Amino acid sequence: MRAKIIGLGSHVPPKVVTNQDLSKFVDTNDEWIRTRTGIEERRLSDENTSTFDLAKVAAQKALERSKIDPEKLDLIIVGTTTPDTLFPSVSTMLQDHLKTPNAAAFDVSAACSGFNFALSTAAAYVESGSYKNILVVGADTLTKYLDWKDRGTCVLFGDGAGAVMLTSTEERDRGILASVLGAKGEGGKHLIMPGGGSRDPEEKNGRFITMNGKEVFKFAVWALEHSVTEVVKKAGMTLNNIDLLIPHQANIRIINHVVKKFNLPESKVYVNLQKYGNTSAASVPLALDEAFSDGKIKEGDVVVLAGFGAGLTYGANLIRW
Ligand code: COA
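Now for a quick tour of the structure.

Definitions and limits used
Residues numbered from 1 in each chain as written. Predicted model: local features only at pLDDT ≥ 70, side-chain atom pairs only at ≥ 80, totals over all residues. Heavy atoms only, no water. Helix = DSSP H or I, 4+ residues; strand = E, 2+ residues; numbered from the N terminus. Buried < 20%, exposed > 50% of the residue type's maximum accessible area, 1.4 Å probe, protein only. Expected span 1.5 Å × (residues − 1). Phe/Tyr/Trp six-rings, centres within 6.5 Å; stacked < 30°, edge-to-face > 60°.

### Notes on unusual backbone geometry
Next up, step 1: Of the consecutive residues Phe-87 and Pro-88, the connecting peptide bond is found in the cis state with omega at 5 degrees.
Next up, step 2: For the bond from Gly-311 to Leu-312, the omega torsion is -5 degrees, close enough to zero to count as cis.
Next up, step 3: Within the fold, Leu-312 resides in the loop between strand 12 (302-309) and strand 13 (313-320).
Next up, step 4: Even without being a glycine, Lys-67 presents a positive backbone phi close to 65 degrees.
Next up, step 5: In this structure, Lys-67 sits in the loop between helix 3 (51-66) and strand 4 (75-79).
Next up, step 6: The exposure class assigned to Lys-67 is exposed, which follows from its relative accessible area of 73%.

Okay, structure coming up:
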């Protein structure tokens, strides 16, 4: 049994903030941001819009496009580190909203790797025969946790959501063929949200993302190269078999490092970070939905999704479409 994708959806808030806009209130400029990151603009949710609000639109689209009866949904998994509340989870909010009474629901916390972790978990449930129809979502609103005076972080992130519907197939060579997940907890201190958890519920240490950009950059380059190499090997393939690589959309320089090393042509790598910045767990499913809508994925293609993030964590999934 394999898990294959039969519906996709994504959603971003309407408000566009350009590099130029940022330079009006923080000491930065369009040229620096473009050359160091590739980002040109990002989307920001307003104060009335939560992670769930973005996730529900993406999820609804994926569910509708799959044509699966909501009653037949077995499980909802949401990758997020910016849930509306510590509990209930975003996935249970979706379970209610989408009217899927027979679905179990839980969130996974793996920061920007969250969607790859959720997808791999869902695929394992399908392969084991435990569940048939699973909705997997990646959604985050990291801009709510940015220090707008810290130019080292506030220029990097944006908000968004992406979702896929999975169903089981008897075809052995279709769907998610291999997954690789990993963590390097010793590097956790390099990308951290100190406030708001049980160590500091009153957020005395602030509720802002703090990051050692250089250390995260080094890890990201290693993690992307390692996870793609390993997932391809696990599927019994080589890098030449990849039709489309969809990396986590954090920084074009991280992507270019790895693409150059792999000698992959540009046409085989999907990049949309110039429009959205780093949308954390939403980044990969948002790019996947856009790539699919753009006609960049056809039946039989080998698509590799790969991400890295706080934890530190990394993960990749190889899909035969
Ligand atoms: N605008 C203008 N100047 C900036 C700036 C900004 N937004 N951010 C930093 N700078 C300045 C620094 O203050 C520094 O100035 P100095 O030399 O006078 O001290 C200079 O630019 C170089 O800073 P540095 O931090 O060395 O830049 P960098 O080349 O490492 O790029 C990042 C910084 C954040 C873009 C880069 O480290 C990165 O992308 N890291 C990975 C981050 C990431 O992807 N995180 C999420 C992972 S899921």
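Following the structure, the description resumes.
### Remarks on helix 6 (residues 213-234)
Since the α-helix packs 3.6 residues into each turn, any two residues three or four apart lie on the same face.
Next up, step 1: Compared with the 32 Å implied by 1.5 Å per residue over 22 residues, the 31 Å span of helix 6 between its first and last C-alpha is a close match.
Next up, step 2: When we look at burial in helix 6, the residues that qualify are Val-216, Phe-217, Phe-219, Ala-220, Val-221, Ala-223, Leu-224, Ser-227, Val-228, Val-231 and Val-232.
Next up, step 3: Looking one or two residues beyond helix 6, the residue adopting positive phi is Gly-236, at roughly 75 degrees.

### A few points about the packing of aromatic side chains
Next up, step 1: On inspection of all chains with the given rule, the structure shows six aromatic pairs.
Next up, step 2: For the ring pair Trp-222 and Tyr-314, a centre distance of 5.3 Å and an interplane angle of 90 degrees mean the geometry is edge-to-face. Of this pair, Trp-222 sits in helix 6 while Tyr-314 sits in strand 13, and the two are 92 residues apart along the sequence.
Next up, step 3: With a relative accessible area of 35%, Trp-222 lands in the partly exposed category.
Next up, step 4: The exposure class assigned to Tyr-314 is buried, which follows from its relative accessible area of 9%.
Next up, step 5: With centroids separated by 5.6 Å and ring planes inclined at 35 degrees, the aromatic side chains of Phe-292 and Trp-321 adopt a geometry described as tilted.

Purely spatial values, then, with no claim about function.
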